[in-house]
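# Structure at a glance
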Amino acid sequence: MVRGPPGPPRSLRADEAIIEATLDLLAEGSTIEALSIEAIAARAGVGKATIYRRWAGKDALLLDALRRLKGILPQPEGHSLRDDLILLVGAIGKNVDPRASKIMPCLVPEVNRSPDHFRLYQNIISPRRQLMREVLRRGISEGLLRPDIDIEVTMALLTGPMLIQRVLQWNPELDEQTLPEQVVDAVLAGILTR
């Protein structure tokens, strides 16, 4: 059987319009539950079928849109444990897209209410957590960190201050530029081998 040439490539312009429409609607106050494929299609200027050809459903589209909002995963260089941790901690809650400050705080209640939304959130942050886990394990294997540290608790100690500051703006007196370094140094003081 001879097959014809493959169909036309997916329109990157349509993909972009759909992702942008999704993020715009969320930034304007739509909840995840209220967000509909119909509304996204209308905002993007595409048909619903165009969306369903690209994504299996709303959750798959949301996953891609929120990953875009989070930005590119930082890549530690592997030369310095401290520098790698500062890079990862500095990326927590930091988004280039100004819509993130409107979207991310609104997602917290939805993540806590719905097991499906909880899984969606975990799919977004899991690669980031895994990267930090690998940096900490490397620190242990290189003898820089105590072998008895609880990696999950250590990650919570590194992550918590940045999230509370960037998402909730907990203390306006803290300098967000130097906070990642201060957090990393404070945690390392308790877990270094020397």
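Our subject in this report is the structure included herewith.

Thresholds applied
- Counting restarts for each chain: residues are numbered from 1 in the order of the written sequence.
- For this predicted model, a pLDDT threshold of at least 70 governs which residues receive local features, and a threshold of 80 or more governs which side-chain atom pairs are given and counted, while totals over whole chains, interfaces and linings are taken from all residues.
- Calculated side-chain values reflect all of the structure's heavy atoms, with hydrogen atoms and water omitted.
- Only DSSP runs of H or I covering at least 4 residues are called helices, and only runs of E covering at least 2 are called strands; the numbering of each starts at the N terminus.
- Residues count as neighbours in contact if any of their non-hydrogen atoms are within 4.5 Å of one another.
- Calculation of accessible area relied on Shrake-Rupley with a 1.4 Å probe; when residues are assessed, cover is drawn exclusively from the protein chains displayed.
- Under the counting rule used here, the positive set is Lys and Arg, the negative set is Asp and Glu, and His together with the chain ends is not counted.
- Here the site of a charge means NZ on Lys, CZ on Arg, CG on Asp, or CD on Glu.
- Here a salt bridge means any side-chain nitrogen of Lys or Arg lying within 4 Å of a carboxyl oxygen belonging to Asp or Glu.
- A 1.4 Å probe rolled over the protein chains alone gives each residue an accessible area, and that area as a share of the maximum for its type sets the label: buried under 20%, exposed over 50%, partly exposed in between.

Our focus in this paragraph is the overall build of the protein. Across its full length, the protein carries nine helices and zero strands. Listing the helices and strands of the protein from first to last along the sequence gives α-α-α-α-α-α-α-α-α. For the C-alpha atoms alone, the extent of the protein along its principal axes is close to 65 × 50 × 30 Å. Partitioning the intrachain contacts of the protein with sequence separation of at least 6 by distance along the chain shows that 67% fall at a separation of at least 24. For the protein, the accessible surface area stands at approximately 11,400 Å², while carbon and sulfur atoms represent 57% of it. Both charge centroids of the protein, one from 25 positive and one from 25 negative side chains, sit 6 Å from each other.

Further remarks concern the environment of His 79. Mapped onto the secondary structure, His 79 falls in the loop between helix H4 (58–70) and helix H5 (81–91). Between the alpha carbons of His 79 and Arg 67 there is a distance of 27 Å; along the sequence they are 12 residues apart.

Applying the stated criterion to the full structure yields 17 salt bridges. The shortest N-O distance in the salt bridge between Arg 68 and Glu 20 comes to 3.4 Å. Here Arg 68, found in helix H4, pairs with Glu 20, found in helix H1 (residues 12–27); they are 48 residues apart in sequence, far enough to count as distant. You can call Arg 68 partly exposed: its relative accessible area is 36%. Here Glu 20 falls in the partly exposed class, since its relative accessible area comes to 24%. A salt bridge links Arg 99 to Asp 24, with the shortest nitrogen-to-oxygen separation between them at 2.7 Å. Of the two residues, Arg 99 is situated in the loop between H5 and helix H6 (100–113) and Asp 24 in helix H1; the sequence distance between them amounts to 75 residues. In the salt-bridge network here, residues are joined through shared partners; they are Glu 16, Glu 20, Asp 24, Glu 28, Arg 43, Arg 68, Asp 97 and Arg 99.

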